[in-house]
Every structure is written in structure tokens, then in C-alpha cells.
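Observations on the three-dimensional arrangement
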Amino acid sequence: MVESNTNKTKAQLISEVESLQEKLKRCEVLSGFRKDERVTDHNYDIFESISANLNAIILVGDPNEIHFVRGQTEKILGYTVENWTHDPKGAMGFWYKNLHPDDREHARKQFKKSIEIGNNHTLEYRMITANGRIVWIYDTVNVEIKEDGRVQVISVMVDITERKHAENALKESEEKFKNIVMINPDVIYQLDKNGVIILISPRVEELLGYKTNELIGKNISEIICEEDLALFERVAEKRTGARATVGLEIRLKGKKSLKIVEMKWVGINSTGIYDNVYVGDGKISSRGEKKGTFVGTQGTITDITERKKSEEALKKSRDEYLAITKPSVALVGDDGLDKIAESCL
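A few points on the structure. (Residues numbered from 1 in each chain as written. Predicted model: local features only at pLDDT ≥ 70, side-chain atom pairs only at ≥ 80, totals over all residues. Heavy atoms only, no water.)

Helix and strand content of the protein chain: 11 helices and 10 strands. Expressed as a percentage of the 345 residues in the protein chain, the buried residues total 37%. Expressed as a percentage of contacts within the protein chain between residues at least 6 apart in sequence, the contacts between residues at least 24 apart total 50%. Entry remark: accessible area of the protein chain is about 21,200 Å², with carbon and sulfur atoms responsible for 52%. (Helix = DSSP H or I, 4+ residues; strand = E, 2+ residues; numbered from the N terminus. Buried < 20%, exposed > 50% of the residue type's maximum accessible area, 1.4 Å probe, protein only. Contact = heavy atoms within 4.5 Å. Areas by Shrake-Rupley, 256 points an atom, 1.4 Å probe, with all protein chains shown as cover.)

So, in C-alpha cells, the structure goes:
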């Protein structure tokens with residue numbers, strides 16, 4: 001039964017291909033690669049068995065021509081073995097002409113270079129299928145020089161199209177996230193379960209004077225004002241459900257400048273990060289509380305220093321006003337104030 005490569009990692013694919021290469025070398029399938037020789041029936045049977053049970057295309061030959069084509073060529077590329085072997089330019093020419101135009105020269109040069117120096121190589125490139133679809137191929141080429149000087153070449157081609165699409169999607173997602181991080185006026189951060197900073201956006205330099213690499217790996221408690229640390233830890237410990245924190249206001253310590261540490265007031269909104277969270281029985285309760293394993297926290301830090309200064313100034317003005325007006329209120333009493341107010345109408 002042929003197993004799909006869809007859910008396999010690159011490391012798993014490499015391991016399987018290397019194992020196959022060893023098997024092919026052990027059965028000496030190339031013992032008859034010159035056209036005036038024949039591969040033994042026993043080795044040929046082993047070769048057929050291996051190629052039929054691997055989700056890959058196997059090419060065996062020498063530097064100038066491919067003599068055997070087996071495996072899932074029809075499934076992966078839509079071409080039969082006969083399409084390869086009966087091509088006017090031979091199987092090597094068939095491979096070359098069906099490479100993606102943008103990858104053709106690079107793949108050819110890499111193959112030629114490996115043959116010249118007798119080195120194995122791996123290569124990722126695109127091929128055009130029979131119906132015009134583009135597939136990504138991970139090609140492992142084993143080059144071995146025999147005692148009589150002949151060069152043996154075994155190529156194992158694995159379809160990695162879905163993995164490449166997933167990689168591209170991840171790359172696009174990372175680019176979008178990076179753009180969001182760069183234009184977001186807030187600091188975006190991520191902590192592990194112990195409060196160690198594992199990600200923080202460059203905006204933190206504008207807020208606190210630290211570069212990102214100066215903070216990653218430090219515990220967030222190191223930049224929290226000592227007077228606010230107990231509040232932060234108390235809120236962090238009491239978070240439940242999605243471990244959401246909204247509107248927590250604390251002070252953070254800026255980077256020392258001339259031995260002066262500037263404090264910045266910030267508002268923190270954050271939520272927990274969980275793994276093994278499932279919808280339904282057991283993992284998410286009827287109240288929507290996540291029951292997976294808590295692995296960290298992610299959130300935003302908003303600079304509210306100016307707002308706090310304004311609030312402080314307003315409070316100071318109100319206190320000064322009350323301090324001035326309090327004696328007057330005591331002298332005339334509430335009734336007197338009412339009469340004064342009426343006389344002004």
C-alpha cells in the first residue's frame with residue numbers, strides 16, 4: 001500500500017528516501033545499466049517491489065541517460081513509464097523538458113556539477129504535469145562511481161507540493177503578522193508559561209528604549225515597577241477561563257539613561273495560549289473556558305503615560321480647588337451656598 005507524503009515532515013521524507021537509496025544500492029539494481037547487460041531477475045524483482053510501495057518516482061541510469069523509470073510517475077505527474085522511455089530525446093530529455101522553465105537551468109547545472117565531482121545532492125524544483133499542473137519535487141540523487149569507472153545514478157523524486165503550499169501559506173501569514181506588528185502603535189508581546197519574554201515587537205524601543213533582543217529571554221517582571229509587581233502577579237495568578245486580562249494599568253521601567261530610569265504607564269490586554277484545545281466534550285466547557293495545557297500569554301501593551309499625567313494634573317487641580325473653597329463652604333454652610341446660588345440666577 002502506498003502511503004501519502006502529505007502529512008510527513010521534510011525530515012521524515014529525507015530519512016525514508018535515504019533508506020530507499022541504501023536498499024537500491026544493496027540490491028545492485030544498476031549491475032546491468034549498460035545496454036549490453038541485463039539486471040538479474042532477483043534484483044529486478046526487489047527493485048520493482050521497492051518502487052511499487054513508495055509514493056515516489058525512481059529513476060535509475062548513468063550521467064547520460066535514464067534506463068529505468070518506476071514508481072508513481074502516473075500518479076504524481078500524469079505520465080506513464082512509456083512517456084519517459086519512448087521520448088525522442090530519451091528519458092533524460094523527457095525529464096529536462098518537463099521541468100518548470102524557471103527551474104530548468106538550475107536543476108540541470110546542479111545535476112551536472114554533482115556528476116562531475118561524484119557527490120550526492122538534493123534539490124527542490126517544479127515540474128509540469130501532463131494536464132499542465134505544477135508540482136513541487138524533492139529530488140535525492142545518489143551518485144556512485146563503480147570499480148570499473150562506471151557512474152551509477154539513482155534519483156528518488158518525491159511530491160512535496162502540499163508541503164510547499166503550506167510553507168508558502170505560513171510565510172505569507174508571517175509576513176502579514178510582521179506588517180501588523182510594524183504598523184500597530186501598541187507593543188505586541190508573547191510570554192512563556194513562566195513569564196519569560198519570547199516575542200516582543202520593535203515598538204518597545206520607542207516605548208522603553210530597549211531593542212527587542214535586549215528583552216527576549218528576560219522575565220517580564222524585570223521591567224515592571226517594583227510597586228506594581230504584586231498587582232501584576234496577583235492578576236496573572238487569578239486569571240481563569242481564557243486567562244484574559246483587560247485594562248490592567250501598571251508602570252514599566254524604561255532603559256536606564258544617565259542612571260535615570262523613566263517609568264512609563266501602560267495598559268495591558270492579554271489572553272492565555274493553550275495547546276491541545278478541542279471543541280466539545282471535556283476541552284472547552286459550556287462557558288467557553290479553555291481546558292487545554294497553558295503554555296504562555298500573548299497580548300498588547302499600550303502607552304497611557306500622557307493620559308495618566310493628564311489625570312494626575314486634573315486631580316491636583318481639583319484638590320487645590322477643594323482646598324481653597326473648603327473654608328468658604330464651612331463659613332456660609334449649605335443653606336448659605338444655596339442662597340448665593342439663587343442670587344446669581
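The N-to-C vectors of helix 5 (residues 90–97) and helix 6 (residues 101–117) enclose an angle of 140°; their axes lie 10 Å apart at closest approach. It follows that helix 5 is oblique to helix 6 by the angle criterion. Packed against helix 5, whose contacting residues are M92, W95, Y96 and K97, the element helix 6 presents R104, E105, A107, R108 and F111 at the interface. Its residues assigned to classes, the contact of helix 5 with helix 6 shows 5 nonpolar, no polar and 4 charged. (Axes fitted to C-alpha atoms, helices over the stretch in contact; angles between N-to-C directions. Parallel < 35°, antiparallel > 145°, perpendicular 65-115°, else oblique. Nonpolar A, V, L, I, M, F, W, Y, C, P; charged D, E, K, R; others polar.)

To continue, consider the pattern of salt bridges. Where charged atoms from two side chains of opposite charge come close, those side chains can pair. This model, assessed by the stated rule, comprises 20 salt bridges. Between E167 and R163 there is a salt bridge whose closest N-O contact spans 2.3 Å. Highlighted residues: E167 and R163, both in helix 7 (residues 161–183), separated by 4 residues, approximately one helical turn. Note on E167: relative accessible area 34%, which makes it partly exposed. When its relative accessible area of 12% is taken as the criterion, R163 is described as buried. (Salt bridge = Lys/Arg side-chain N within 4 Å of Asp/Glu carboxyl O.)

What the rule picks out here adds up to 5 aromatic pairs. Ring geometry for W95 against F111: centres 6.2 Å apart, planes inclined by 55°, an arrangement best described as tilted. Of this pair, W95 sits in helix 5 while F111 sits in helix 6, and the two are 16 residues apart along the sequence. The exposure classification of W95 matches that of F111, with both residues buried. Centroid distance W95 to Y125: 6.0 Å. Interplanar angle 80°. Geometry classified as edge-to-face. A residue pair is termed long-range when its members are at least 10 positions apart, and W95 in helix 5 and Y125 in strand 3 (residues 121–128) qualify at 30 residues. Of the two residues examined, W95 and Y125, each falls in the buried class. (Phe/Tyr/Trp six-rings, centres within 6.5 Å; stacked < 30°, edge-to-face > 60°.)

Across a sheet, paired strands are connected by hydrogen bonds in the backbone, their directions being either parallel or antiparallel. Reading across the sheet, the 5 strands line up as 2-1-5-4-3 and stay open at both edges, with antiparallel pairing between neighbours. Each of the sheet's edge strands pairs with one partner strand only, and the pair in question is strand 2 (66–71) and strand 3. In this sheet, adjacent strand axes meet at a mean angle of 25° when their direction is disregarded. Direction of pairing for strand 4 (residues 134–145) relative to strand 5 (residues 151–159): antiparallel, over a ladder of 9 bridges. Counterpart to D139 in the pairing with strand 5 is M157. Lying over the sheet, helix 5 contacts strand 2, strand 3 and strand 5, oriented at roughly 60° with respect to strand 2. Taken strand by strand, helix 6 contacts strand 3, strand 4 and strand 5, and its axis lies near 150° from that of strand 3. (Pairing = 2+ DSSP bridges.)

Counting residues in each nonpolar core, the largest one holds 25 residues, and the members touching the most others are L77, W84, W95, Y125, M127 and M157. Elements supplying a minimum of two residues to this core: strand 1 (56–61), strand 2, helix 3 (73–77), helix 5, helix 6, strand 3, strand 4 and strand 5. Excluding residues within four positions of it along the chain, M127 makes contact with L77, W95, N98, L99, H100, R133, I134, V135, I137 and M157. (Core = buried A, V, L, I, M, F, W, Y, C linked by side-chain atoms within 4.5 Å.)

With antiparallel pairing, the 5 strands of this open sheet are ordered in space as 7-6-10-9-8. On the outer flanks of this sheet lie strand 7 (197–200) and strand 8 (245–253), each paired with one strand and no other. Averaged over all pairs of adjacent strands, the angle between strand axes in this sheet comes to 30°, irrespective of strand direction. In this structure, strand 9 (residues 263–275) lies alongside strand 10 (residues 293–303), joined through 10 bridges in antiparallel fashion. Following the sheet pairing, G272 is matched in strand 10 by T297.

All quantities given are derived from atomic positions and should not be read as evidence of function.
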